[in-house]
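Okay, here's what each chain looks like letter by letter:
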Amino acid sequence: MNCSISGEVPEEPVVSKKSGLLFEKRLIEHHISNYGKCPITGEPLALDDIVPIKSGKIVKPRAVQAASIPGMLGMFQIEWDGLMLSNFALEQQLQTARQELSHALYQHDAACRVIARLKKEKDEARSLLAQAERDVPISATVGSAILPSLSNGKRAAEDEDLGSGGKRIRPGISAGIITELTECNAALSQQRKKRTIPSTLAPIDDVEHYTQLSSFPLHKTSKPGILCIDVHYSKDIIATGGIDTNAVVFDRPSGQIISTLSGHSKKVTSVKIVAGDDGMVITGSADKTVRLWQGSDNGYDCRHVLKDHTAEVQAVSVHATNKYFVTASLDNTWCFYDISSGLCLSQVVDPTGSEGYTSAAFHPDGLILGTGTSEAVVKIWDVKSQANVAKFDGHAGAVTAMSFSENGYFLATAAYDGVKLWDLRKLRNFRSFSPYDTDTATNSVDFDHSGSYLALGGSDIRIYQVASVKSEWNCIKTLPDLSGTGKATCVKFGPDAKYLAVGSLDRNLRIFGLPGDEGPVES
C-alpha cells in the first residue's frame, strides 16, 4: 500500500472517507490546509474526512547497493564521478566567462582609444580651421593704407620699405613713445624708493620646507620637455612653452588647462603673459616667428604672426607699461614691438659682435634692456637710444637666462658655468654661484617679485636668500629634479613666493610649495 501523493509506503497512513484513497498523514493534512480538496479527485476534503489506519511498525528495506561493501564502494564511485563531471563543467563555464570578460574589456579599451583619437583629430581640425581663419588676409577689415604697416609677418616683399642692403626700414621709437617710457620709469623709480617687503611674502621658514605639491602633464608625451614658464601674478595663471611646439595657459588654483596655443612649427623657446586685463600671451619659437595670442571666450586666438627675425627667437620680454615688448634672436638682432598693432618699431643690430642672442629681459623700470649672447657676453642697452651702454664678461658658454631684481640694481645671469650677480650701480660682478659640476649648465634663474629670493635651475632647483653686495647669499632650500631627466629647464616664483613653478625635460609642470597649501589635486 503506497501513498497516493508520494508513491511511497506511508509511515502514518490515513484514508479518505470520500474517495477511499490512501495517503501519508502529514502530506494530506498539508494539502488540505492549503487547498481544501482532494489532490487526486479534486473533490472538497476536510480534515474530518480522513481516517487514520492502524498498522505495525514499518521497517524500510535496505537498498541493494548498500547491502555490501562492494555495493557501497560502487555508490561512492558513482557519486565521485558525478562530482568530478560537475566540477569540470563549472571550470569550463568559468573559463568561458573569463574569455568573454577579457574580450569585452579589450573591446572597451579599443573603443576608448578610438574615441580619444577622434577627439584629438577633432581638436586638431578645429585648431587648423581657427588658424586658417586667422591667417585670412585682414584687408577686409583694415584699410589698404594701414595694411603695409602691420608687422604680422605677411607683408609682401613689394609692399615693404627696403633700405640699403635690402634691410627693412623701421619707423623707429617715436618721441611720444620715449616720453611714455620715461614717465613710466620715473613713476616706478619713485615707487621703488618707498618699496617695502609685503607682509604676505612667504617667510624663510616656509621656503625651507617647500616640497612638491602637484604635477600636471600639460604637454605631449611624444615630444616631452617644458622650456619656458611665466606667471600672471594677479590671476595666478601659468603659461608654459614646450618642445611639442605648443604653449599652454594653465589656471593653477583650479588645476585646469585654460587653452593650448598651437601654431608654431618648432619648439616654443619663450612665453610671456602681458599683465593686463586683456589676457594676451606672447610666444617666441625656434621657427623664427613670434605670435601674439588674444584671450577670448573660446580660449586664445592668434592675433599676429611676426616674422622679422631670420633665426631662432630665443627670448621675449614685456615692458612695464604692458604696451611694448622685445624679442631677441640668434640672428644677432633684438626687436622692439608695439603690442596693440604688432608693429616692429625698431630692429637693433650690434655692429661690434656677430654672436646671436640667447636671452633678454627688461629692467623693472623699463629704460634698460639686458641681453645675453651665445658667446658668454651680457650686454646692457639704453632703450631710448638703442645703444649698447655696458658689457659684462666672465661667463663660460651661452648666457641661458637672466633676471633683474625688483630692487633695480641687481642682475642675475645664468650660463654653463653657473650664476653671476651684477651690481648695476658699479657695473661689476660681486658674486658667483657654481652649484653644479663642469658638465652641468645652469638653465634658468629668477628673482621673486619682491626681490627677496633667487631661484636657479639645473640638475636640481636651488633657492637663495637675497642679501646685500657684501653679505653672504645663503642657499636656504635645494629641491630635487623629480622628472628623472636631470635637467630643470625653467623656474618661476608664484605670487608672494608662495610656490615655485618648475619645468623640466618631461611633459609635467611641477609646483613646489609649503605642504598644506596644495590647492588643486595632483594630476
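Note that this is a predicted model, so its numbers are computed, not measured.

Asker: Which residues make up the pairing of strand E21 (residues 401-404), and what values go with them?
Answerer: Each regular strand carries side chains that alternate between the two faces of the sheet. Residues Ala401 and Ser403 of E21 are buried on one face, and the alternating residues Met402 and Phe404, pointing to the opposite face, are buried as well. As paired strands, E21 and strand E22 (residues 410-415) are joined by four bridges and run antiparallel to one another. Bridging from a neighbouring strand, Ala401 pairs with Ala414 of E22. With antiparallel pairing between neighbouring strands as the criterion, E21 and E22 make up a hairpin whose turn holds five residues, including Gly408 at a positive phi of roughly 95°.

Asker: Explain the environment of Asp244 to me, and be specific about the residues and the numbers.
Answerer: Within the fold, Asp244 resides in the loop between strand E6 (237-242) and strand E7 (247-251). A residue is classified by how much of its surface remains accessible, and Asp244, at 4% relative accessible area, is buried. Note: C-alpha distance between Asp244 and Ser265 (21 residues apart in sequence) is 8.9 Å. A distance of 3.1 Å separates polar atoms of two side chains, one belonging to Asp244 and the other to His219.

Asker: Outline a nonpolar patch on the surface, listing residues and values.
Answerer: A cluster of nonpolar residues, Ile69, Met72, Leu73 and Phe76, forms a patch on the protein surface that exposes about 420 Å² of accessible area. Topologically, Phe76 is positioned in helix H2 (residues 69-134).

Asker: I'd like a description of the sheet that holds strand E14 (residues 324-329), backed by residues and values.
Answerer: Here we have four strands laid out as an open sheet, ordered E13-E14-E15-E16, and antiparallel in their pairing. Either end of the sheet is taken by a strand with one partner, and the two such strands are strand E13 (313-318) and strand E16 (344-349). Taking the axes of each pair of neighbouring strands and ignoring which way they run, one obtains an average angle of 15° across the sheet. Here strand E15 (residues 333-338) pairs with E16 via five bridges, running antiparallel. Note on E16: the bridge partner recorded for Phe336 is Ser346.

Asker: Break down helix H1 (residues 25-35) for me, with residues and values.
Answerer: For H1, the full list of buried residues reads Ile28, His31 and Ile32. Seen end-on, H1 carries its buried residues on one side only, within an arc spanning 100°. Those residues of H1 that are exposed and aimed more than 90 degrees away from the buried face are Arg26, His30 and Ser33. Buried positions along H1 lie against strand E1 (13-16), strand E2 (22-24) and strand E3 (50-52). Phi for Gly36, located one or two positions after H1, is positive at around 70°.

Basis of the calculations
Residues numbered from 1 in each chain as written. Predicted model: local features only at pLDDT ≥ 70, side-chain atom pairs only at ≥ 80, totals over all residues. Heavy atoms only, no water. Buried < 20%, exposed > 50% of the residue type's maximum accessible area, 1.4 Å probe, protein only. Helix = DSSP H or I, 4+ residues; strand = E, 2+ residues; numbered from the N terminus. Pairing = 2+ DSSP bridges. Polar contact = N/O pair within 3.5 Å; in protein donor to acceptor, adjacent residues only side chain to side chain. Patch = residues over 30% accessible without salt bridge, like charges linked within 9 Å, V, L, I, M, F, W, Y side chains within 5 Å. Areas by Shrake-Rupley, 256 points an atom, 1.4 Å probe, with all protein chains shown as cover. Salt bridge = Lys/Arg side-chain N within 4 Å of Asp/Glu carboxyl O. Axes fitted to C-alpha atoms, helices over the stretch in contact; angles between N-to-C directions. Arc of directions from axis to C-beta. Contact = heavy atoms within 4.5 Å.

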